[in-house]
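Summary of structural features
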Amino acid sequence: MARQFGSVSDAGQLGLGARVVVAGRGGCTALGSYLRFPADLPLAGRRVVLRLRVRRFTCEDVSCVRRTFVEQVAGLTRRYSQRTERMRSVLAEVGLALAGRAGAKLADVFGMRISRNTVLRLIDALPEPQPQVPRVVGVDEYAMRKGRVYGTVLVDVETRRPVDLLPDREAGTVAAWLAKRPGIEVVCRDRAPFFAEGARIGAPTAVQVADRFHLWRNLGEAAERCVSRHRPCLRATFVESVPEKAPAPAESGSPWPTGHRFADRTRAKHATVHALLVAGHSRRSIQRQLGMTYRTVQRLADAARPEDLFQGQWQNRQTKLDDFKPYLHERWAEGCTNAWTLWEEIKAHGYTGGYGAVRAYLQPFRATPTAPAARPPSPRTVTSWILTHPDTLPESERLKLKAVLADCPELDALTGHVRAFGKMLTQLQGDQLPQWIKAVRADDLPSLHTFVNGLERDLVAVTAGLTLPWSSGVVEGHVNRIKMIKRQMYGRAGFGLLRKRVLFA
């Protein structure tokens, strides 16, 4: 028997109706009433608590498992709830957006005091979502514990919204999910074998589409391996060394003439630093190679001429070595180039200075060493040049790539194949894939042959990926979002809770 009771309002004449449905053969008898104080949404930052008087009834049927009944106000209260329905829904939305800890902090700012665990419980209490069956679904994996536990995310590619999360990435699980939804016509996936097998078993009539981003990334990896095999060609192209300039003679009127040890040392350091900069070394690398401080390297690199650095109080200072310089020049011309021997000789003639001054003075007389050769580009750098569209490649990099390709026919052929594949991918010309594969087979490029072997094992899906407009790029975006949600939840992102947050957001 079901009975309907009248309005309930001792809480400020709210005029709220109450409906209690009692299942059983007996009747109900009113026992009395009591007050409930459910918390409601705050008003102007102040907490709001409703004072609600509700009636309580007892069932007269002895076989009824429920002895007492309390009337609920539809849309306002529920059993055992300390909050109104609209406050519960608002807190659940806050939890879906920010998770427990951040959601509790934001709710407290607005006047809704709640713990982070309660926020998560409100999310967990939400009903299971029932999304529509998609026509085009994207499948990809996400990591619950990277390297150990992986799950599967499925996204409606047309609406760009997640459809479901699966607790693993097994082919059987994916196949069972697809088999329950016969309306799926297209499955966008990467080249993982378990997704291919699951789509084949669960949706045999659906068209499988290989993701273009993964195809291009796999081609880039194969191209980098190919460039690495031809690393000697890169060294041969950039083997020419940049000759180091000899110390420039002092300009007329310069207080630092050629032959002064400070001037010559400064000119030598300036020339060495600028030669290394031209060769492609960074300032930090030069600092480590020459054993200088970074500030010294910076001063030498910023000076256009060594004379710009000639400052200080030691200009034109007389030294102990000045009277012995003609003798040193004469002995050097005779073939004696050992600084220690010359120092011993001038000591016998009355020189009282140290050996270091003699060695520093004789240093410019020696043959100027050649600067290090220009550093060849790394295989990854050359690969990036090859993968970049020629119209967007900077002029300097385009010239370097042209020099590399001129010295290595294999890399020239590789560049042609990569650019042909890029054109086929961007313009959706999948019908040209067999001709492209045949052209690759004709060249001696083992790394690219391995890539082609993988394409042939999944040729139907790859052709569809290079022909149809569908792609699983939107799925990659949701994978990144799942990573963010897991970081927000600080280890509380179990599968059930994570699934609710992903699907309800």
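You'll find the structure just up there.
Let me begin by describing the structure that accompanies this report.

The rules behind these values
- Residues numbered from 1 in each chain as written.
- Predicted model: local features only at pLDDT ≥ 70, side-chain atom pairs only at ≥ 80, totals over all residues.
- Heavy atoms only, no water.
- Helix = DSSP H or I, 4+ residues; strand = E, 2+ residues; numbered from the N terminus.
- Buried < 20%, exposed > 50% of the residue type's maximum accessible area, 1.4 Å probe, protein only.
- Contact = heavy atoms within 4.5 Å.
- Areas by Shrake-Rupley, 256 points an atom, 1.4 Å probe, with all protein chains shown as cover.
- Pairing = 2+ DSSP bridges.
- Axes fitted to C-alpha atoms, helices over the stretch in contact; angles between N-to-C directions.
- Patch = residues over 30% accessible without salt bridge, like charges linked within 9 Å, V, L, I, M, F, W, Y side chains within 5 Å.
- Salt bridge = Lys/Arg side-chain N within 4 Å of Asp/Glu carboxyl O.
- Expected span 1.5 Å × (residues − 1).
- Bend = angle between axes of the 7 residues up to and from the residue.
- Phe/Tyr/Trp six-rings, centres within 6.5 Å; stacked < 30°, edge-to-face > 60°.
- Parallel < 35°, antiparallel > 145°, perpendicular 65-115°, else oblique.
- Left-handed = near helix turned anticlockwise from the far one by under 90°.
- Nonpolar A, V, L, I, M, F, W, Y, C, P; charged D, E, K, R; others polar.

Helix and strand content of the protein chain: 20 helices and 12 strands. Within the protein chain, the proportion of its 505 residues that are buried is 41%. Expressed as a percentage of contacts within the protein chain between residues at least 6 apart in sequence, the contacts between residues at least 24 apart total 59%. Of the accessible surface of the protein chain, which amounts to about 28,000 Å², a share of 52% is contributed by carbon and sulfur atoms.

This brings us to the sheet that holds strand 10 (residues 161–166). As summarised here, the arrangement of the five strands in space is 10-9-8-11-12, forming an open sheet in which the pairing is mixed. Edge positions in the sheet fall to strand 10 and strand 12 (207–210), since each of these pairs with one other strand and no more. Neighbour-to-neighbour, the strand axes of this sheet turn through a mean angle of 30°, independent of strand direction. Summarising the sheet, strand 8 (residues 136–145) and strand 9 (residues 149–156) pair through eight bridges and their orientation is antiparallel. Within strand 9, the position partnered with R145 by the bridge is V149. Relative to the sheet, helix 20 (residues 495–504) contacts strand 8 and strand 10, its axis offset from that of strand 10 by approximately 170°.

Our focus in this paragraph is a nonpolar patch on the surface. Side chains of L106, V109 and F110 sit close together on the surface and give an oily, nonpolar patch of about 280 Å² of accessible area. Tracing the chain through its elements places L106 in helix 1 (residues 85–109). Look at L106 and you get partly exposed, because its relative accessible area is 31%.

With four bridges connecting them, strand 11 (residues 186–189) and strand 12 associate as parallel partners. Following the sheet pairing, C188 is matched in strand 12 by V209.

Glancing now at the pattern of salt bridges. Going through the model one piece at a time under the given rule, you end up with 18 salt bridges. Across the pair R86 and D40 runs a salt bridge whose closest N-O atoms are separated by 2.4 Å. With R86 in helix 1 and D40 in strand 4 (residues 39–43), this residue pair connects regions lying 46 residues apart in the sequence. Residue classification places R86 among the partly exposed residues on the basis of a relative accessible area of 49%. Judged by relative accessible area, D40 falls into the buried class, the value being 5%. Ionic pairing is found between E128 and R499, a salt bridge with its closest N-O pair at 2.4 Å. Of this pair, E128 sits in the loop between helix 2 (116–124) and strand 8 while R499 sits in helix 20, placing them 371 residues apart in sequence. Overall, the relative accessible area of 45% leaves E128 in the partly exposed class. Connected through shared salt-bridge partners, E128, D164 and R499 make up one network.

By secondary structure assignment, the location of A339 is in helix 11 (residues 339–348). Here A339 falls in the buried class, since its relative accessible area comes to 5%. Through-space distance from the C-alpha of A339 to that of Y361 is 9.3 Å; in sequence the pair is 22 residues apart. Filtering out sequence-adjacent residues up to four positions away, A339 remains in contact with Y355, V358, R359, L362 and R366.

This paragraph deals with helix 1. The terminal C-alpha atoms of helix 1, which comprises 25 residues, lie only 20 Å apart, well short of the 36 Å expected from a rise of 1.5 Å per residue. The largest bend in helix 1 amounts to roughly 120° and is located at A99. Taken as a whole, helix 1 has its buried residues at M87, R88, L91, A92, V94, G95, L96, A99, G100, G103, A104 and A107. Against strand 4, helix 2, helix 19 (473–488) and helix 20 lie the buried residues of helix 1.

The next thing to look at is the packing of aromatic side chains. Tallied over the entire structure, the rule returns eight aromatic pairs. Ring geometry for W340 versus W343: centroids 4.9 Å apart, planes at 65°, classification edge-to-face. Placement of both W340 and W343 in helix 11 is noted, with a separation of three residues, approximately one turn of the helix. Classification of W343 as buried rests on a relative accessible area of 11%. Look at W340 and Y355: their rings are 5.0 Å apart centre to centre, the planes differ by 55°, and that puts the pair in the tilted class.

Running from amino to carboxyl end, helix 5 (residues 212–229) crosses helix 13 (residues 379–387) at an angle of 130°, the nearest separation of the two axes being 9 Å. Here helix 5 lies oblique to helix 13, going by the angle between them. The handedness of the crossing between helix 5 and helix 13 comes out as right-handed. Taking contact as the criterion, the partners of W216, G220, A223, E224, V227 and S228 in helix 5 are, on helix 13, P379, R380, V382, T383, I386 and L387. Split by residue class, the contact of helix 5 with helix 13 holds seven nonpolar, three polar and two charged.

Attention now moves to the environment of R51. Along the chain, R51 turns up in the loop between strand 5 (46–49) and strand 6 (52–59). We classify R51 as partly exposed; its relative accessible area is 43%. The sequence separation of R51 and L35 amounts to 16 residues, and the corresponding C-alpha distance is 6.7 Å.

Within the secondary structure layout, W385 lies in helix 13. On the basis of relative accessibility, which here comes to 5%, the residue W385 falls in the buried class. Along the backbone, W385 and E397 are 12 residues apart, and their C-alpha atoms lie at a distance of 7.1 Å. In contact with W385, other than residues within four places in its own chain, are P377, L393, E397, K400 and L401.

With their axes 11 Å apart at the nearest point, helix 5 and helix 15 (residues 409–426) run at an angle of 175° to one another. Here helix 15 runs roughly antiparallel to helix 5, going by the angle between their axes. Where helix 5 abuts helix 15, its residues R212, L215, W216, L219, A223, C226 and V227 lie against L411, L414, V418, F421, G422 and L425.

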